[in-house]
Amino acid sequence: MSMKQAFLIVCYGTNDSMANSKAVARLKKKLRQKFAGCSFYCAYTHVGTKTCQKTLYAQSAACKSSQTGHLKGAQTFSQVMEKMLADGVTDVWIVPTYVLDGLAYRHLQKTADSFQGQFVNVWIGKPLLYDDSDYRQVANALAHSLQQELNRHTAVIFAGHGTLYSEYAKRLNSCFAQLGYSQFWVGMLPGRSALAGTRAWRRSLELHLVELRRQQYDTIMLLPLMFAVGKHAREDVAGDTEDSWKTICLRAGFCVQCKMRGLGERNELVSIYVQHVQEMMQKGSKS
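What you see is a predicted model, and the numbers here were worked out from it, not measured in a lab.

S.K.: Looking at this structure, I do not really get the sheet that holds strand β3 (residues 91–96). What am I missing?
M.R.: Pairing between the strands of a sheet is mediated by backbone hydrogen bonds and can be parallel or antiparallel. With parallel pairing, the four strands of this open sheet are ordered in space as β2-β1-β3-β4. Each of the sheet's edge strands pairs with one partner strand only, and the pair in question is β2 (39–45) and β4 (121–124). Neighbour-to-neighbour, the strand axes of this sheet turn through a mean angle of 20°, independent of strand direction. Here six bridges tie strand β1 (residues 5–12) to β3, and the two strands are oriented parallel to one another. When the sheet's bridge partners are listed, Q5 is paired in β3 with D91. Strand contacts of helix α3 (residues 77–86): β1, β2, β3 and β4, with the helix running at about 155° to β2, the strand carrying the most contacts.

Rendered as structure tokens:
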């Protein structure tokens, strides 16, 4: 039997199709340069809201091919895995675009396991932040990607998505400090499960601002710590509502710059995702 290998890029569902498309396009371009001749697919997981589901189905319907009947637009993970089976794919390399080893990643692992036996091989790569070396590499990459945009009076606060696995923000903050990047900080946006109904996310941001005021920074640069930047991040970070990060920072007396580019739009971070793919493939070739 001839082997047909394919990459499956997996993204967290968002109501903003353009947010993911730009980030995925950059990642796919880098992967094509490394692995010419392989097929590429894209899927969405954790489509948790009805609005997001309607967005995905509308995109799929708009992209339906009249010749093949396949949906070429945004589809769920299981839908794409079934399509890959129908297309004769034998070996699947799953590329998660998640930032951390949290609930979404573990759910993806469980779902991928359910397809074991239907393909010859199914491998899954690790998220951006998985082990200590990843934290150091990501901290260096983030600092390097922004070094031309900063001066000594500007501090950077990254907005991570709220999660039960809140220790990732503490670990990355510690990593920035250990590597000497005193201008860089990480906070968490409110999440549906972990932080909903609490003020923990706001307290973490306000504590950062107290320390940055003590260190005599006068400008805050706000950036998302997410692969793609959808409506949630834009509104909660750069919006004009009372509880947005921009408003809180302005109220605290800082000048504010909002840079709403996802990690998937920064070459330094995309290179780490590609490195994780290479590690996955090396591991798979030895098994």
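S.K.: Explanation requested: empty space enclosed by the protein in the structure shown.
M.R.: Where empty space is left in the structure can be found by rolling a water-sized probe over the atoms. As enumerated under the stated definition, the model contains one cavity of 30 Å³ or more in all. The space that makes up the largest cavity amounts to roughly 40 Å³. Taken together, I94, V95, P96, G125, K126, Y273, H276, V277 and M280 form the lining of the largest cavity. Of all the secondary-structure elements, those providing two or more residues to the lining of the largest cavity are β3 and α10 (267–286). Among the elements that make up the lining of the largest cavity, the one with the highest residue count is α10 (four residues). The residue makeup of the lining of the largest cavity, split by class, is six nonpolar, two polar and one charged.

S.K.: Whenever I open this one, the packing of aromatic side chains confuses me. Can you help?
M.R.: Inspection of the entire model under this criterion finds eleven aromatic pairs. On the basis of an interplanar angle of 45° and a centroid distance of 5.2 Å, the ring pair of F7 and F35 is categorised as tilted. Here F7, found in strand β1, pairs with F35, found in the loop between α1 (17–34) and β2; they are 28 residues apart in sequence, far enough to count as distant. Each residue in the set F158, F176, Y181 and F184 is aromatic and connected to the rest through ring pairs, giving one cluster.

Procedures and definitions
- Numbers given for residues are sequential positions, taken from 1 along each chain in its written order.
- Under the rules for a predicted model, residues below a pLDDT of 70 receive no local features and side-chain atom pairs below 80 are neither given nor counted, while totals for whole chains, interfaces and linings still include all residues.
- Excluded from the side-chain calculation are hydrogens and water; included are all heavy atoms of the structure.
- Two strands are said to pair when DSSP picks up at least two bridges between them.
- Secondary structure is summarised from DSSP: a helix means a run of H or I of at least four residues, a strand means a run of E of at least two, and numbering begins at the N terminus for each.
- The convention used is that axes are lines fitted to C-alpha atoms, helices contributing only their stretch in contact, and that angles between N-to-C directions extend from 0 to 180 degrees.
- The contact definition used throughout considers only heavy atoms, calling two residues in contact when any of these lie within 4.5 Å.
- Cavity and pocket criteria rest on a 1 Å grid covering protein atoms alone: a 1.4 Å probe that fits but cannot get out defines a cavity, protein on both sides within 12 Å along at least 5 of 7 lines defines an open pocket, and an atom within 4 Å of a point defines a lining residue.
- Grid points are joined across faces, edges and corners, and a volume is the space filled by probe spheres set on the points.
- All amino acids are sorted into three groups, where Ala, Val, Leu, Ile, Met, Phe, Trp, Tyr, Cys and Pro are nonpolar, Asp, Glu, Lys and Arg are charged, and the leftover types, Gly among them, are polar.
- Geometry of aromatic contacts follows a simple scheme: Phe, Tyr and Trp rings, the Trp one being its six-membered ring, pair when their centres are within 6.5 Å, and the pair is stacked under 30 degrees between planes, edge-to-face over 60, tilted otherwise.

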